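Geometric and topological summary
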Amino acid sequence: MWPFSLHNAAYVALFAVSGTALVASMHRARSFDDAGMRRGLVGFFGVSAIWSFTAAIRLVSGSQQVSVAMYVVGLVAGFASVGGFLYFASAFAGRSYHLNPRIRIAAVTVFLGAAALKITNPIHGQYFSTTVVSEPFQYVWIQPGTLHWILTAFAYTLAGIGLYLIYETLAEWTHTTPRLAVVFAVLPMPVALDVLSLLYPQLLVRTYYEPVGVAMFGVALLWFLEDRFGSVTQLGRKHLMGQLDFPVALVDDDEITEANDGFARFVGEDERSAVIGRSIDSLSPGVARTLRGDQDVIAVSDDGVRRFYRVSLTSVTLGPQRVATAAVYADITAQQRQVNELVRQNHELDNIGEAVAHELRNACAIAVGHIELARDDGTPPSERVSRETALQTASAGLDRIDSVVDQLEMIMRDSQSVTTKSPVDLEWTAGQIATPTTPPFTVIDDGTLVGNPVRIDHLVENVFELARAEAATEVSFRMHDGVFTIRLDGVHFDRTPSEQLLGYGHSVPNANSGMYLPTIRLIAHAHHWDVDADVTGDEAQTLTVRIDTDPDGVPAIWRDSTTVGRSSANVTSDRSPQHS
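What you see is a predicted model, and the numbers here were worked out from it, not measured in a lab. (Residues numbered from 1 in each chain as written. Predicted model: local features only at pLDDT ≥ 70, side-chain atom pairs only at ≥ 80, totals over all residues. Heavy atoms only, no water.)

1. With respect to the environment of Leu 99
Convention followed: In this description a helix means any DSSP run of H or I spanning at least four residues, a strand means any run of E spanning at least two, and both kinds are numbered starting from the N terminus. Accessibility here uses a 1.4 Å probe with only protein chains present; expressed as a share of the type maximum, an area under 20% marks a residue as buried, one over 50% as exposed, and anything in between as partly exposed.
Considering the arrangement of structural elements, one finds Leu 99 in the loop between α3 (64-92) and α4 (101-119). A residue is classified by how much of its surface remains accessible, and Leu 99, at 48% relative accessible area, is partly exposed. Residues Leu 99 and Gly 36, spaced 63 residues apart in sequence, show a C-alpha to C-alpha distance of 8.7 Å.

2. Details of the nonpolar core
As a reminder of what qualifies: In plain words, nonpolar cores are sets of buried Ala, Val, Leu, Ile, Met, Phe, Trp, Tyr and Cys residues tied together by side-chain atoms within 4.5 Å.
Residues Phe 477, Ile 486, Leu 488, Leu 517, Leu 543, Val 545 and Ile 547 are the most contacted members of the largest nonpolar core, which totals 37 residues. At the level of secondary structure, the elements contributing two or more residues to this core comprise α16 (426-433), α17 (453-469), β11 (474-480), β12 (483-491), α18 (498-502), α19 (516-526), β13 (530-536) and β14 (541-548). Broken down by element, the residue count for this core peaks at seven residues, all from α17. Of all hydrophobic cores here, the second largest spans 28 residues; its members include Tyr 71, Phe 128, Ile 142 and Tyr 209.

3. Details of the sheet that holds β14
Hydrogen bonding along the main chain pairs the strands of a sheet, whether they run parallel or antiparallel. Inclusion rule: We call two strands paired when DSSP finds no fewer than two bridges between them. Whenever a helix is involved, its axis is fitted only over the stretch in contact; in every case the axis is a line through C-alpha atoms, and angles between N-to-C directions fall within 0 to 180 degrees.
Ordered in space as β9-β11-β12-β14-β13, the five strands form an open sheet in which the pairing is mixed. In this open sheet, the two edge strands, each paired with only one partner strand, are β9 (441-445) and β13. The average angle at which neighbouring strand axes cross in this sheet is 10 degrees, direction not considered. In this sheet, β12 lies alongside β11 in antiparallel orientation, the contact comprising seven bridges.

4. Looking at α3
Quick note on the threshold: Helices are assigned an expected span. That span is 1.5 Å times one less than the residue count.
For α3, spanning 29 residues, the distance from its first C-alpha to its last is 41 Å, which sits close to the expected 42 Å at 1.5 Å a residue. One or two residues past the end of α3 sits Gly 94, with phi positive at roughly 75 degrees.

5. Some thoughts on α17
How we decide: Two N or O atoms form a polar contact when they lie within 3.5 Å of each other; inside protein one atom must be a possible hydrogen donor and the other a possible acceptor, and for residues adjacent in sequence the pair counts only when both atoms belong to side chains.
Helix length check: α17, at 17 residues, gives a terminal C-alpha distance of 24 Å against a target of 24 Å (1.5 Å per residue), a fit within 8%. Buried residues of α17: Arg 455, Ile 456, His 458, Leu 459, Val 460, Asn 462, Val 463, Phe 464, Leu 466 and Ala 467, and no others. Here α17 starts with a cap whose side-chain oxygen sits 3.1 Å from the backbone nitrogen of Val 454, and that cap is Asn 452. Once α17 ends, the next one or two residues include Ala 471, with phi positive near 55 degrees.

6. Some points on the layout of surface pockets
The cut-off we apply is this: Think of a 1 Å grid over the protein atoms and nothing else: a 1.4 Å probe that fits but is trapped marks a cavity, an open set flanked by protein within 12 Å on at least five of seven lines marks a pocket, and residues with an atom within 4 Å of a point count as lining. Grid points are joined across faces, edges and corners, and a volume is the space filled by probe spheres set on the points. Polarity classes work like this: nonpolar for Ala, Val, Leu, Ile, Met, Phe, Trp, Tyr, Cys and Pro, charged for Asp, Glu, Lys and Arg, and polar for all others, with Gly in that last group.
Of the voids in this model, the second largest pocket is the one considered here, and its volume is about 770 Å³. Sorting the residues of the lining of the second largest pocket by element identifies α2 (35-60), α3, β2 (139-144), α6 (146-173), α8 (190-199) and α9 (210-224) as the ones contributing at least two each. When residues of the lining of the second largest pocket are assigned to their parent elements, the largest contribution, nine residues, is made by α6. Of the residues in the lining of the second largest pocket, the class split is 25 nonpolar, nine polar and five charged.

7. Describing the packing of α2 against α3
To keep things clear, this is the line we draw: For this classification, under 35 degrees means roughly parallel, over 145 means roughly antiparallel, 65 to 115 means roughly perpendicular, and everything else is oblique. We call a crossing left-handed when the near helix sits turned anticlockwise from the far one by less than a right angle, and right-handed when that turn is clockwise.
Direction vectors running N to C along α2 and α3 enclose 160 degrees, while the axes themselves pass 7 Å from each other. What the angle tells us is that α2 and α3 run roughly antiparallel. In this structure, the crossing between α2 and α3 has a hand that is left-handed.

8. Brief notes about the confidence of the model for the protein
The predicted coordinates of low-pLDDT regions are not to be read in fine detail. Quick reminder of the rule: For every residue, the pLDDT score states the predictor's confidence, bounded by 0 at the bottom and 100 at the top. Should any heavy atoms of two residues lie within 4.5 Å, those residues are considered in contact.
Of all residues in the protein, 69% attain a pLDDT of 70 or more, and the chain-wide mean is 76. Below a pLDDT of 50 lies the segment residues 227-233, which in the model reaches 14 contacts outside its immediate sequence neighbourhood of four places, other chains included. In this model residues 553-580 is a low-confidence stretch, pLDDT under 50, and it forms 84 contacts with partners more than four residues away in sequence or in other chains.

9. Re the packing of aromatic side chains
Convention followed: Two rings belonging to Phe, Tyr or Trp (six-membered ring only in the last case) form a pair when the distance between their centres is within 6.5 Å. Interplanar angles under 30 degrees mark stacking, angles over 60 mark edge-to-face geometry, and anything in between is tilted.
Counted by the stated rule, this structure contains 12 aromatic pairs. A centroid spacing of 6.4 Å and a plane angle of 90 degrees characterise the contact between Tyr 127 and Phe 128, whose relative ring orientation is edge-to-face. Given the relative accessible area of 6%, Phe 128 is considered buried. When the centroid spacing of 6.0 Å and the interplanar angle of 40 degrees are considered together, the rings of Phe 263 and Tyr 329 count as tilted. One end of the pair, Phe 263, is in helix α12 (residues 261-266); the other, Tyr 329, is in strand β7 (residues 321-331), with 66 residues separating them in the sequence. Each member of the pair, Phe 263 as well as Tyr 329, carries the same accessibility label: buried. By way of ring pairs, the aromatic residues Phe 263, Phe 266, Tyr 309 and Tyr 329 are connected into one cluster.

10. So, the side chain of Ser 52
Here Ser 52 is to be found in helix α2. Looking at Ser 52, the relative accessible area reads 0%, which means it is buried.

11. Details of the pairing of β12
Consecutive side chains of a regular strand alternate in pointing toward one face of the sheet and then the other. The element β12 is extensively covered by neighbouring structure, given that seven of its nine residues are classed as buried. From the end of β11 to the start of β12, which pair antiparallel, there are two residues, and Asp 481 there has a positive phi angle of about 55 degrees. Strand direction decides the pairing type here: β12 and β14, joined by eight bridges, are antiparallel. Counted as the bridge partner of Asp 489 is Thr 542 from β14.

12. Focus on the environment of Phe 154
Counting through the fold element by element, Phe 154 comes out in helix α6. Relative accessible area serves as the criterion here: at 34%, Phe 154 is assigned to the partly exposed category. A C-alpha to C-alpha distance of 9.9 Å links Phe 154 and Phe 79, two positions 75 residues apart in sequence. Once you skip the residues sitting within four places of it in the chain, Phe 154 turns out to touch Phe 79 and Val 110.

Now the structure itself:
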């Protein structure tokens, strides 16, 4: 046995107290709600306690064999503590590295390999060598070898990664970063003691001081900062929320308390810091209504494509208390487009049914009426319509029925939703469709019309047919900045609301021309465009039809919802999507 001194006792007490503090910290960490952080800290503090107690035993043993054995056990425990720390750091930061089977297998493999190198040092002698020294008291001095420095550098690199994950989370989600940074800075401080012990062996025992630093870290973490760090679980969850692609926000007392970047883009901001702390009334009315639960579906423009989101509100509790409301926005664009299309098609079918009844009823009434006139012999000769004239008119009515049936057949095809679009040369299209009887026309085309070429052909045909039927003096087409404008000059329309001009069943301006404008609207709606019309002027009137090919700030080029990128999103409409 070597002599035992007060100097020796001080070192033994230092490591024994550190080990005891680590055991207490391990017990305290077991109360953490988050399983990942609980397991990581318990493992980290537990193996570090073993590391610290082996250092105390090594210094008090008075035996070279026991000292070397305790040193090897401490080396293995010290390397294992890095794994526990990384496990905690991953869970704390809301990452899933600690749950990845491949990473876990790789970690166990590296640990077993490192442990084997340490345990087999008596064979290869490349990890450390030993010498008994007497200053400042008698103990076994461990001289590190090449393998020791390689594995030590590797271990500190891994620990640095864990520290970075923790600091990154604290810097992003808390306002106590400087204070917490000081706490985490105590972990690498023992390195300075290690270096000093090598430079001044007469003052400091040449041993590893890391367990002391880990003990200081555990005490500071679990007691000194408990008032601010007690909700550490929530910090990890908040960081996890930041990793989600879909918009998420936490609301408390009508204020945004937390949000991820997806929600920031959702409301038109570049960073989440611009959203946190804002009142929900400062957001768009539609978003505010969703956060209050007054509206469950909202439409936004996302990377130039209109998308729909359904919001789900869930209470967030801490123990028995509700601390916030979580708003999660799920992308339901594909489902909502199907609903919208069904609504549109049902509406168009109702209109077409009305048109069938109206147009065929008019034509049948004309035919039946004139056939009755042809058969009527009781009318005075002066008032009697000749049979030939009556039959000719009846025949024209029947021809009209045949024409209406053909027209309705085309309308049914045109009412189907447009799914493929391409750029349309409006001037070339109008030139191809025009006939010698077509009124003079002009085309101003900025090249932005993107639609189904066949449907656009039918639309232009209906415009020219209406112009001929109403003896228009001039027709003009203008495509500019997403708005397609059609003008017919010199027509004779009554002042009629846009809905009646464009609706089936109103026979505007007359029975012969009543199908053209509704068909134009139907083709526009099949493209999901907005359309309205009005009549101006007194005698020589002008009919203007405006088709907005970009009703929500969305380019007319068709883009499938499954290929849309997720970039800056701005709320563009608070209208109910069912009526879009």
